[in-house]
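Summary of the model geometry
Now for the letters of each chain:
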Amino acid sequence: MAPRQLQSLYKDLQRAFDARPSDLKKCGLLLAQLKARALIGLIETGLLLPNGEASLNDMVIARDILEIGAFWSIRAKDIPSFDRYFSQLHTFYTDYRSSLPPSKREFPLRGLNLIRLLTQNRIADFHATLESLPLPADEIGVNPYIRHPVNLERWLMEGSYSKVWNAREEAPAEEYKFFVDSLMGTIRNEIASCEEAAYESLPIKDAATLLFFTSQSELLREDGKSM
Amino acid sequence: MANVETTKKDEEKALSPTAEIKLNVTLIDRAVVELEPRFTHRVLRSLTALRKRTDDKVLRSAIEENYPAGVYYALNLYRAVIKTITGADRAMDVDSAAETTTTTPAQSKPSSDPVPEVEIYLRLLIIHYLHTSKENYAKSVQLSKETVDKMQSLNRRSMDPIAAKVWFAVERSFELGGELADARPLFLAAQRTAALRHDDDTHASLINRLLRSYLHYSLYDQADKLISKTTFPTSASNPQFARYHYFLGRIKAVQLNYSAAHTNLQQAIRRAPSAKTAPGFYQAVHKLFVVVEMLMGDIPDRSIFRRPVLEKALGAYFDIVKAVRTGSLSEFQATLTKHAAQFDADKTYTLIVRLRQNVIKTGIRRLSLSYSRISLRDICLKLNLDSEEDAEYIVGKAIRDGVIEGRIIHEKGWMECEGRKNGYGPEAMRYPLDAHRKELAAAQGARERERELAKEIQEGDLDDDDGGLGDF
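Residues numbered from 1 in each chain as written. Chains lettered and ligands numbered in written order. Predicted model: local features only at pLDDT ≥ 70, side-chain atom pairs only at ≥ 80, totals over all residues. Heavy atoms only, no water.

A few points about the overall build of chain A
- Within chain A, the secondary structure is distributed over 11 helices and zero strands.
- Counting from the amino terminus, helix and strand elements in chain A follow one another as α-α-α-α-α-α-α-α-α-α-α.
- Counting all 227 residues of chain A, 50% fall into the buried class.
- Within chain A, contacts between residues at least 6 apart in sequence are counted, and of these 58% link residues at least 24 apart.
- In the structure as shown, chain A presents an accessible area of about 11,300 Å², 53% of it carried by carbon and sulfur atoms. (Helix = DSSP H or I, 4+ residues; strand = E, 2+ residues; numbered from the N terminus. Buried < 20%, exposed > 50% of the residue type's maximum accessible area, 1.4 Å probe, protein only. Contact = heavy atoms within 4.5 Å. Areas by Shrake-Rupley, 256 points an atom, 1.4 Å probe, with all protein chains shown as cover.)

Spelled out as structure tokens, the structure:
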């Protein structure tokens, strides 16, 4: 694929993505096009599976395209697609760490991957991924994108569910909220089973509060679902 | 042979390094000619002590003595060792160069020519010597690469024990002089060859080198894959096994498989060389062992921390044990911050952070045993939790998980428990052995083990000699 076509499609993609609100449909179309033509072209020129001969600039563009793709997947709520993009990005982040200039989307995406593992309850993989982060241990608490999922995991394990609920608002990026929302379903199940064991009796009003529902009717609706 | 006998008598007084090298060379020669690997092993046993006593003079004279002047490949060894070429040396250089042009490169082996194993052995000594000074690191990498190529091309079983040691030296070279990751392709290729050639020593050594290299860069996934795709040779030596089990223990611990990690680390301790010969390894294994025990819910035996070789090294870990025992989050956090740098260096920091939950669990258990009724507010204060809300959720979870038995009375805002259990409650009936243990976390630890045991029974993983279930 001619480099100029690649460049112009890439610019279109950036514009569509950065527009407020993001033009998701257009992004989707462009990404499909890019994937079909550019990424095949990338594979041809060896960029997608880089073998060190591709030019630095092309690699940066390839990485950018994949990153935009990853973010777009979350906004379009297509999580398997996010998984695919992220695993492709992984090579860029690990093996080419030293040759490429750092990307400012790297840590947000790594953090999103961590939360993704949490929602699937893949705790072992969560910890293994955490260990392999290129950050010294004391910086994990400082980087906001990583600190968020790390804290979430800790609170979930401890049982500090109210902290998880409050963390919703403090997400370091829009896309995090999506995953925290899906965690809430899991959390509510957890809280419900704890309540079953720990309380002999509990007024419905209080149960609703503990489950972070704003009204009793919500609680009854959810109850109906889980029954 | 008489030569060897008399030199053996000389061993009574300390041999000069040069003389020792010469003796070793003779032994290696004999080992190859008579197919007696035990001589090679004897030579290698003295390696650690010997390499500390060699310097460039010793090496130079060793090369000269063992290679009659003018042999081509001796020159490469020669050049590796010479730091500055003085005038006299240059003359010697020129002389040898002149001679090599006249001798035919195609080896017509005179009987005094030493076997290739000797060359590799000398290279090994040189590489170790080059490790001793920074300016030689790059050279050591270069020499390592050359040596590896040579070893691979000579497919000699008699070389195997020396080869295993060389790989260790190669790893050091890359670690000191270059990027450890660059050595990985070498290791991988050699590992496949060693497996094919049934070179067990080298194979074991290489698997360990690879695992160490992966863990150095925290590539736990790849390390896991390597383990599943290779079989560690059963005939490997104990030190190799010890290392292997240590690496396995670390990987399993990261993957939250604490009971497997525990078993592996116990094996590592069993097979490790004594604390006197290898204190560093002994300490490293025990550090990890102690953390894994805590993660399983047990409190490590206090006597471990009093052993002389471990007392100082494990000091920070003992502080963590104390914090976990008392269930005090503030003490835990303080200890963690105080020793953060050491834990990071030991690569145990992330594992220790996971102990937070254990601290809270212990804290809640203590409270439930001491109070028949306690307000959520007091729980929050005593455990250093951030809010009453948190306390309520955490206690609820603890009750559901079976950490404590009790009830929350939401409207009154307190927790009620059964109060002190006497020693003959249902827990003791199930675990008669544990009745002796006075440690607070004992029952909880036993419960967790029982859960794991039940899981293992389900998965059919129990070994035959585990626990004596009475079946035959």
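Section: the interface of chain A and chain B
- Tallying the contact residues gives 32 residues for chain A and 27 residues for chain B.
- Here chain A packs against chain B, burying approximately 2,800 Å² in sum over the two surfaces, 58% of which is carbon and sulfur.
- Between chain A and chain B we count five salt bridges in total.
- Ranked by the residues each element gives to the side of chain A that touches chain B, the list is headed by helix H9 (residues 174-198) of chain A, at six residues.
- Residues of the side of chain A that touches chain B, tallied by class, amount to 17 nonpolar, eight polar and seven charged. (Buried area = accessible area lost by both parts, 1.4 Å probe. Salt bridge = Lys/Arg side-chain N within 4 Å of Asp/Glu carboxyl O. Nonpolar A, V, L, I, M, F, W, Y, C, P; charged D, E, K, R; others polar.)

Structural notes on the sheet that holds strand E3 (residues 414-417) of chain B
All names here are of chain B.
- As summarised here, the arrangement of the three strands in space is E1-E3-E2, forming an open sheet in which the pairing is antiparallel. Each of the sheet's edge strands pairs with one partner strand only, and the pair in question is strand E1 (373-375) and strand E2 (406-409). Each strand of the sheet is rotated relative to its neighbour by a mean of 20°, with strand direction disregarded.
- Here three bridges tie E1 to E3, and the two strands are oriented antiparallel to one another. Looking at the pairing, Ser375 lines up with Trp414 of E3. (Pairing = 2+ DSSP bridges. Axes fitted to C-alpha atoms, helices over the stretch in contact; angles between N-to-C directions.)

Some remarks on the pattern of salt bridges
- Considering all chains together, one arrives at 19 salt bridges over all chains under this definition.
- Between Arg356(B) and Glu158(A) there is a salt bridge, and its shortest N-O distance comes to 2.7 Å. In this pair, Arg356(B) sits in helix H22 (residues 356-370) while Glu158(A) sits in helix H7 (residues 144-158), so the two residues belong to two different chains. Per residue, the accessibility class of Arg356(B) equals that of Glu158(A), and both read buried.
- Residues joined in a network through salt bridges with shared partners are Glu190(A), Lys397(B), Arg400(B) and Asp401(B).

Side note on empty space enclosed by the protein
Residues and elements named next belong to chain B.
- In this structure the tally under the stated criterion is five cavities of 30 Å³ or more.
- Put simply, the largest cavity is a space of about 140 Å³.
- Lining the largest cavity are 17 residues, with Met151, Gln152, Ala163, Arg197 and Asp199 sitting closest to its centre.
- Those elements that place two or more of their residues in the lining of the largest cavity are helix H9 (137-153), helix H10 (160-177), helix H11 (180-196) and helix H12 (200-216). (1 Å grid on protein atoms, 1.4 Å probe; cavity = no way out; pocket = protein on both sides within 12 Å on 5 of 7 lines; lining within 4 Å. Points joined across faces, edges and corners; volume = space filled by probe spheres on them.)

Observations regarding the layout of surface pockets
Residues and elements named next belong to chain B.
- In this structure, the second largest pocket occupies an estimated 1,900 Å³ of space.
- Around the second largest pocket, the lining is made up of 46 residues, and of these Phe168, Arg209, Arg243, Ala278 and Phe281 lie nearest the centre.
- Looking at the lining of the second largest pocket, the elements with two or more residues in it are helix H3 (37-45), helix H4 (47-53), helix H8 (116-130), H10, H12, helix H14 (238-254), helix H16 (279-295) and helix H20 (340-346).
- A total of eight residues in the lining of the second largest pocket trace back to one element, the largest contributor, which is H10.
- Of the residues that constitute the lining of the second largest pocket, the class distribution is 18 nonpolar, 13 polar and 15 charged.

Concerning the pairing of E2(B)
- Burial along E2(B) is one-sided: the residues Gly406(B) and Ile408(B) are buried and none of Arg407(B) and Ile409(B) is.
- Hairpin remark: E2(B) followed by E3(B), antiparallel, with four residues in the connecting loop; positive phi at Gly413(B), about 75°.

Re the side chain of Thr348(B)
Residues and elements named next belong to chain B.
- Relative to the helices and strands, Thr348 resides in the loop between H20 and helix H21 (349-353).
- Given the relative accessible area of 2%, Thr348 is considered buried.
- There is a polar contact of 2.8 Å between the side chain of Thr348 and the side chain of Tyr317. (Polar contact = N/O pair within 3.5 Å; in protein donor to acceptor, adjacent residues only side chain to side chain.)

Digging into helix H3 (residues 56-75) of chain A
- The end-to-end C-alpha distance of H3(A) is 29 Å, a good match for the 28 Å that 20 residues give at a rise of 1.5 Å each.
- Among the 20 residues that make up H3(A), 16 are buried, leaving the element largely enclosed by the rest of the structure. (Expected span 1.5 Å × (residues − 1).)

Re unusual backbone geometry
All names here are of chain B.
- Phi at Ser218 takes a positive value of approximately 60°, unusual for a residue other than glycine.
- Within the secondary structure, Ser218 is located in the loop between H12 and helix H13 (220-229).
- A positive phi angle is found at Leu256, which is not glycine, with a value near 70°.
- Within the secondary structure, Leu256 is located in the loop between H14 and helix H15 (258-271).

What about the confidence of the model for chain B?
Residues and elements named next belong to chain B.
- In this model, chain B carries an average pLDDT of 75, and 76% of its residues clear a pLDDT of 70 or more.
- No element of chain B has a lower mean pLDDT than helix H7 (residues 87-102), at 40, and none a higher one than H15, at 93.
- Taken together, the stretch residues 461-472 has pLDDT below 50 and engages in five contacts with residues farther than four places along the chain or on a different chain.
- Confidence estimates for the predicted assembly give a pTM of 0.71 and an ipTM of 0.72. (pLDDT = per-residue confidence, 0-100.)

Quick look at the packing of aromatic side chains
- Applying the stated criterion across every chain yields a total of 11 aromatic pairs over all chains.
- Taking the centre distance of 5.7 Å and the plane angle of 70° together, the rings of Trp167(B) and Phe187(B) count as edge-to-face. Within this pair, whereas Trp167(B) is found in helix H10, its partner Phe187(B) is found in helix H11, the two being separated by 20 residues in sequence. Like Phe187(B), Trp167(B) is buried.
- Considering the side-chain rings of Phe232(B) and Tyr244(B), the 4.0 Å spacing of their centres and the 10° angle between planes classify their relative orientation as stacked. Note that Phe232(B) is positioned in the loop between H13 and H14 and Tyr244(B) in helix H14, a separation of 12 residues in sequence. The pair formed by Phe232(B) and Tyr244(B) is uniform in burial state, with each residue classed as buried.
- Aromatic ring contacts, followed pair by pair, group Phe82(A), Phe86(A), Phe178(A) and Phe179(A) into a single cluster.
- The ring of Phe241(B) has Arg271(B) lying over it, and the distance from NZ or CZ to the ring centre is 4.0 Å. (Phe/Tyr/Trp six-rings, centres within 6.5 Å; stacked < 30°, edge-to-face > 60°. Lys NZ or Arg CZ within 6 Å of the ring centre and 35° of its normal.)

Description of the packing of H13(B) against H14(B)
Residues and elements named next belong to chain B.
- Packing of H13 against H14 leaves a shortest axis separation of 11 Å and a crossing angle of 125°. As judged from the angle between their axes, H13 and H14 are oblique. Like other packed secondary-structure pairs, H13 and H14 cross with a definite hand, here left-handed. Note on element contacts: H14 touches H13 through Tyr244, Leu248, Arg250, Ile251 and Val254, opposite Tyr220, Ala223, Asp224 and Ile227.
- When its residues are assigned to classes, the contact of H13 with H14 shows seven nonpolar, no polar and two charged. (Parallel < 35°, antiparallel > 145°, perpendicular 65-115°, else oblique. Left-handed = near helix turned anticlockwise from the far one by under 90°.)

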